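Residue strings, one per chain:
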Amino acid sequence: MQIKLVAGNSAGTVTAYHLSSQGDKHDEIDFEFLGNLSGDPYIMHTNVFSQGKGNREQQFYLWFSVDGTPVRVFKNSEDLGVAYPKNQAMRLYSSLWNADDWATRGGAVKIDWTKSPFVASYGNFKAQTCSASSDCSVNSWYAAEALESSEQQKLQWVRKNYMIYDYCTDSKRFPQGFPHQILSFFGFFPNKLYLYPTQVNIYIFK
């Protein structure tokens, strides 16, 4: 899929696509692109919900080429009692919405409605999927239990150079101690959810 983000002063807007199941205990994988003042970089906001529990945000500045680059890992910690998004069928959603209470500089910059209409474009959507009745192992992206070394290097490069927020390091947010899924994150493990902004060949244009 190709996405063309809101051009110019897009402060306060969020262009999003996410996978989600239904119900109070839904699973969800979010990619949200936070609007900016002209000249400032877009921020990519990611989150993972499992059984209705989210609050696992990580944010990154966008760079010019993101195709095929892993940006985060969510480890399967079911052995610690942490739900994992693997059993619920999810649909793909996209939206463009007003989030000027938090999206740009923590809500300090509001939408300039004189710049409306705000337009984002989506096209050329292609997806590799599997269902409960099919053999998902034939899909290389599903069968992989670990990133290849080159992909691990890309992941670390992104985290070092472009990550600007990670809930796993926000000690003020967790004064009583970090959740289990954070404590088990560090190190390399199989059975992780690998998030690519381009898992379905998504290209981002400004």
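Bear in mind the structure is a predicted one, so any value in this text is a computation, not a measurement.

Student: Would you mind going over the sheet that holds strand β9 (residues 163-166) with me for this structure?
Tutor: Neighbouring strands of a sheet are bound in pairs by backbone hydrogen bonds; such pairs are parallel or else antiparallel. The antiparallel open sheet is built from 6 strands, whose spatial order is β7-β2-β3-β4-β5-β9. Unpaired on one side and paired on the other, β7 (91-98) and β9 mark the two borders of the sheet. In this sheet, neighbouring strand axes are inclined to one another by 15 degrees on average, regardless of whether the strands run parallel or antiparallel. Pairing of strand β2 (residues 13-20) with β7, which is carried by 8 bridges, proceeds in the antiparallel orientation. Across the sheet, S20 pairs through a bridge with R91, a residue of β7. Set on the sheet, helix α2 (residues 149-161) makes contact with β5 (58-61) and β9; between it and β9 the angle comes to about 90 degrees.

Student: Teacher, can you tell me more about the nonpolar core here?
Tutor: One recurring pattern in soluble globular proteins: nonpolar side chains tend to sit buried together. Among the nonpolar cores identified, the biggest contains 19 residues, and F33, M44 and V71 are the most heavily contacted of them. Judged by nonpolar contacts, the second largest core, of 7 residues, contains V48, Y167, F174 and I182.

Student: Is there a simple way to think about the pattern of salt bridges in this case?
Tutor: For the structure on display, the rule yields 4 salt bridges. Linking R173 and E57 is a salt bridge whose minimum nitrogen-to-oxygen distance equals 2.8 Å. Of this pair, R173 sits in the loop between β9 and α3 (180-183) while E57 sits in the loop between β4 (43-49) and β5, and the two are 116 residues apart along the sequence. For E57, a relative accessible area of 14% corresponds to the buried category.

Student: What's the story with the packing of aromatic side chains in this structure? I'm lost.
Tutor: Remark: the centre distance and the inter-plane angle together describe each pair of aromatic rings, the angle taken between the planes. In total, this model carries 8 aromatic pairs according to the counting rule given. Ring plane angle 0 degrees and centroid distance 6.1 Å describe the contact between F74 and Y84, whose orientation is recorded as stacked. Highlighted residues: F74 in strand β6 (residues 72-75) and Y84 in the loop between β6 and β7, separated in sequence by 10 residues. Judged by its relative accessible area of 3%, F74 falls in the buried class. Measuring from ring centre to ring centre gives 6.3 Å for W97 and W102, while their planes differ by 45 degrees; the resulting arrangement is tilted. Residue classification places W102 among the partly exposed positions, given a relative accessible area of 28%. These aromatic residues form a ring-pair network of at least three members: Y17, F31 and F33.

Conventions used here
Residues numbered from 1 in each chain as written. Predicted model: local features only at pLDDT ≥ 70, side-chain atom pairs only at ≥ 80, totals over all residues. Heavy atoms only, no water. Pairing = 2+ DSSP bridges. Helix = DSSP H or I, 4+ residues; strand = E, 2+ residues; numbered from the N terminus. Axes fitted to C-alpha atoms, helices over the stretch in contact; angles between N-to-C directions. Contact = heavy atoms within 4.5 Å. Core = buried A, V, L, I, M, F, W, Y, C linked by side-chain atoms within 4.5 Å. Buried < 20%, exposed > 50% of the residue type's maximum accessible area, 1.4 Å probe, protein only. Salt bridge = Lys/Arg side-chain N within 4 Å of Asp/Glu carboxyl O. Phe/Tyr/Trp six-rings, centres within 6.5 Å; stacked < 30°, edge-to-face > 60°.

In short, geometric facts, not functional conclusions.
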